[in-house]
Structures are given as structure tokens and as C-alpha cells.
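# Working through the structure, step by step
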Amino acid sequence: NRRGKPCYTFNRCLQPVIMVVADMRQTRPAGKVRPASDGASEAISDVFAGLCRSIEQCSRADQIYKEQFKFAVAGGFGAWRIMRTYMQDDGEGAFDQVLRVINISNPQTVVWDPQCADACAGDANRCIVAERISDEVYEALYPNGNMQSLNVSRDSYGWYTDKEVRIAEY
């Protein structure tokens with residue numbers, strides 16, 4: 001009966017999502033490094049825990065974790081990646097690589113390995129991270145690029161339109 005007429009919509013899921021995310025922000029969950037084999041020791045695990053905390057601090061990972069936790073609560077999953085990047089040093093260590101936690105701004109663009117059995121994709125062997133860019137940006141970044149389509153039934157937009165191109169990182 002309301003077709004074509006304005007109507008109000010109320011997002012009744014937003015308040016529970018905000019409550020769960022607020023609880024996570026107060027508890028601040030963190031990983032724990034423990035010695036797991038016979039040759040491992042508590043001192044070595046403390047060193048590795050310090051390295052992990054340093055990587056997270058330099059990456060500002062706490063903000064990434066909060067944002068992706070909100071995606072996980074509201075939409076089912078969140079995604080970030082750990083990548084090696086070059087240091088921002090102009091001195092002798094300009095080619096030194098460091099590990100950083102990198103945010104994936106839209107976790108819906110991540111396509112996990114279809115053979116993984118774990119619900120969190122912890123056993124995935126491969127992954128595709130895709131994003132859409134304009135044709136002009138694509139031509140500037142990849143002047144010799146070849147637009148080809150892959151058969152991934154994620155959405156009905158396809159890999160390229162007359163204005164946008166989806167690029168993927170494997």
C-alpha cells in the first residue's frame with residue numbers, strides 16, 4: 001500500500017551494535033604469545049610479544065581493530081592485513097622493511113579461498129582484495145593494462161563498467 005509514498009525506516013540493529021563495540025573498547029582485547037614447543041622459553045616468547053606490540057603500535061593497529069570489529073559485529077566479518085613495507089627513513093636504512101598492520105577499508109571486497117573450512121578463514125591459502133577505481137586513474141596507473149573479467153559471483157557489477165574498473169590484489 002505504501003509504494004511510491006515516503007515512509008520512515010528505523011535501524012533497530014544500530015543500538016545493539018554500538019553496545020557490543022563499546023564493550024570491546026573498554027576491554028581492549030590483545031594477543032598473547034606463549035612458548036609452544038620444547039625448545040621455546042618464556043623469555044623468547046616475551047621478546048616476540050614485544051615485537052608484536054611494537055608492530056601494532058607503529059601501525060596504529062588499535063584503531064584498525066576497532067573499525068574492523070564494528071564491521072564484524074554489524075556485517076559478519078572484518079578484515080585487515082599484515083604486510084611488509086619500507087621504512088620512511090631517508091638515511092642509510094631507506095631500504096629496510098618493517099611489518100605493519102594495514103586496514104582494508106571495505107571488508108566486503110575481500111574474497112577468501114573457497115576451499116577453506118574455517119569460518120574465520122584461518123586455513124585459507126589465498127585471498128583476493130579488490131577495489132573500484134575510475135577509468136582515468138586506471139589508465140594513469142596501468143598504461144599497458146589489459147581489462148579482463150574474472151568469474152567471481154560476488155556482485156552483479158562485474159569487473160569493469162564504462163566509468164569504473166575493479167582491480168584485484170591476489
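Below is a short write-up of the structure. (Residues numbered from 1 in each chain as written. Predicted model: local features only at pLDDT ≥ 70, side-chain atom pairs only at ≥ 80, totals over all residues. Heavy atoms only, no water.)

### Thoughts on the nonpolar core
Note the following rule: Joining through side-chain atoms within 4.5 Å is the link that ties buried Ala, Val, Leu, Ile, Met, Phe, Trp, Tyr and Cys residues into a set, and such a set is a nonpolar core. Accessible area is worked out with a 1.4 Å probe on protein chains only. A residue is then buried under 20% of its type maximum, exposed over 50%, and partly exposed in between. Any two residues having at least one pair of non-hydrogen atoms within 4.5 Å are treated as being in contact.
Formed by Ala79, Ile104, Val110, Cys127 and Val129, the largest nonpolar core amounts to five residues. Leaving out residues up to four positions away in the same chain, Val129 has contacts with Arg81, Ile104, Thr109, Val110, Ile167, Ala168 and Glu169.

### Re the state of the cysteines
How we decide: Any two cysteine sulfur atoms within 2.5 Å of one another count as a disulfide.
Tallied over the entire structure, the rule returns zero disulfides. Looking at Cys58, it has no disulfide partner, and the nearest cysteine sulfur is the one in Cys52, 12 Å off. Cys120 takes part in no disulfide bond, and the closest cysteine sulfur, belonging to Cys116, lies 9.9 Å away. Given a relative accessible area of 68%, Cys120 falls into the exposed group.

### Considering helix 3 (residues 61–75)
Rule in force here: Think of it this way: any DSSP run of H or I at least four residues long counts as a helix, any run of E at least two long counts as a strand, and we number them from the N terminus. One less than the number of residues in a helix, times 1.5 Å, gives the span that helix is expected to have.
Its 15 residues place the ends of helix 3 20 Å apart at the C-alpha level, agreeing with the 21 Å of an ideal helix rising 1.5 Å per residue. Residues Ala61, Ile64, Lys66 and Gln68 constitute the buried set of helix 3. Packing partners of the buried residues in helix 3 comprise helix 1 (14–27), helix 2 (42–59), strand 1 (80–86) and strand 2 (97–103).

### Concerning the sheet that holds strand 4 (residues 127–134)
How we decide: In this description, strands pair whenever DSSP reports at least two bridges between them. The axes are straight lines fitted to the C-alpha atoms, using for helices just the contacting stretch, and the angles between their N-to-C directions are given from 0 to 180°.
Within the open sheet, the three strands sit side by side as 3-4-5. Their pairing is antiparallel. Since the sheet does not close on itself, it has two edges, and those belong to strand 3 (110–112) and strand 5 (164–169), each with one partner. Taken over all neighbouring pairs, the strand axes of this sheet differ in orientation by 25 degrees on average, direction set aside. Examined bridge by bridge, strand 4 and strand 5 share six bridges and lie antiparallel to one another. For Arg132, the partnering residue across the bridge sits in strand 5 and is Arg166.

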